[in-house]
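Coordinates in review
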Amino acid sequence: MSDEDHVVPFAETATANLVLDAVYAGGITGNISDDPLARLLPGVGNQGGFRFNGSPTRQDVRFAVLYTTGTEPDWPDELDPQTGLFIYHGDNRQPGRELHDTPRRGNVLLRDCFAWSHGQDRVKVPPFFLFEKVASSGRNVRFRGLLAPGGAALTSDDELQAIWRSSRGVRFQNYRSRFTVLDVPKISRAWITDLIAGDPLSANCPAAWRQWVEVRGYLPLLAPPTTIVRNTAQQQPDAVGRNIVSVIHQHFSPRPHDFEACAVELWRMMAPATGRCDVTRHSRDGGRDAVGEYMLGPDSDRVAVEFALEAKCYAPDRSVGVRDVARLISRIRHRQFGVFVTISFFNNQVYEEVRKDGHPIVMICGRDIADVLRRHGYGDPQAVKAWLDHRFPAA
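Right, let's walk through the structure included here. (Residues numbered from 1 in each chain as written. Predicted model: local features only at pLDDT ≥ 70, side-chain atom pairs only at ≥ 80, totals over all residues. Heavy atoms only, no water.)

Turning to the sheet that holds strand β14 (residues 290–296), a few remarks are in order. Spatially, β13-β14-β15-β17-β19 is the arrangement adopted by the five strands of the open sheet, whose pairing is mixed. Either end of the sheet is taken by a strand with one partner, and the two such strands are β13 (274–279) and β19 (361–364). Each strand axis lies, on average, 20 degrees off the axis of its neighbour in the sheet, ignoring direction. For β14 and strand β15 (residues 303–312), the ladder comprises seven bridges, and the chain directions are antiparallel. (Pairing = 2+ DSSP bridges. Helix = DSSP H or I, 4+ residues; strand = E, 2+ residues; numbered from the N terminus. Axes fitted to C-alpha atoms, helices over the stretch in contact; angles between N-to-C directions.)

This is the structure in structure tokens:
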């Protein structure tokens, strides 16, 4: 926790409002009764990622809690403060069960709520409250916002997807869902009481939730960052992620130029609207390892924006410096942008100079690479190694 965090004591959680980004303290008895969520939101229980007042099977859920720990590398939940979108995975995370046959019936709740969100039954959708575990703080949790299923710019296919995963060679499906964090800085205790009583659109209902229920209008909470320079720690992955980028480095270290094709594929994972992208010949790259086009606009009238890509397969503990990035900057022409991909990190000087001078460079580091591979189902070093051997075999 930060010294600036507002922490609500455990003794006050039963009567507290839900304030955006406030921390709610757990108890100190050393058992599950220390969980603050059951006191904050009566009826949701004290275990699991899906918690709710009511029953998904009976379709009478009054409100739901999505609880994320941030420690599931195979199922990375992701909150984007700049767009207000949150990605959450369902509760069928091991093989052996059908998509909706889970003990908590969390996937049933997702299926029904996203279906209701597009029709006249939208009033049946319960408010979703997002909480995350506060690292190294016992059972403390942080309130991250009020969620509505879907998003204004998302198609129904984008909002809820049944994705395939495999474990020990056995395939199974789980949901990947997308929610919008609504612009609601505080949830009053009075509205929580009304929800329990079955009156979600009471006088205490937040305006943003009422608008979503009545007309499916989204008022997202947009929070542009106060800083756009990531320090070294922010660019480096967690322990599993470090193993993932180490596997990439080991795969390409005998032939570092071959990493360029891999960098292009990683960029496509992050930017699906990428069109043509060609790896250049080493003797004629002119400071660009690949050149391509990023497509903007509707399918019937696309506009291509050209970009140049540079890739460096440095060891994970070696930083990318000013000279490396300056080479790419010097090759970018008018109306182009650059993409720099490294499995390591950018030193502070180069990051600050690029952002301060306004150079249109996308800076992709080891953490970004580990995160995007996880989102695409390569959540451990073994899966990444298999992917590399298949897509980029040694000659």
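Locating Gln211 in the fold gives a position in helix α5 (residues 207–215). For Gln211, a relative accessible area of 30% translates into the label partly exposed. Ignoring any residue separated from it by four or fewer positions in sequence, one finds Gln211 in contact with Arg216, Gly217, Tyr218 and Leu219. (Buried < 20%, exposed > 50% of the residue type's maximum accessible area, 1.4 Å probe, protein only. Contact = heavy atoms within 4.5 Å.)

Even without glycine at this site, Gln59 takes up a positive phi of about 60 degrees. Looking at where Gln59 falls in the secondary structure, it is placed in the loop between β4 (50–53) and β5 (63–68). One non-glycine residue, Arg216, adopts positive backbone phi at about 55 degrees. Inspection of the secondary structure assignment puts Arg216 in the loop between α5 and α6 (232–235).

What follows covers the pairing of β5. Taken across its six residues, β5 has six buried, putting it largely inside the fold. Side-chain alternation along β5 places Phe63, Val65 and Tyr67 on one buried face and Ala64, Leu66 and Thr68 on a second face that is also buried. Bridging between β4 and β5 involves four bridges; their strand directions are antiparallel. Its bridge partner being in β5, Arg51 is matched across the sheet by Val65. As judged from the five bridges shared by β5 and strand β8 (residues 128–133), these two strands associate in the parallel manner. Within β8, the position partnered with Tyr67 by the bridge is Phe131.

The analysis is restricted to geometry; functional conclusions fall outside its scope.
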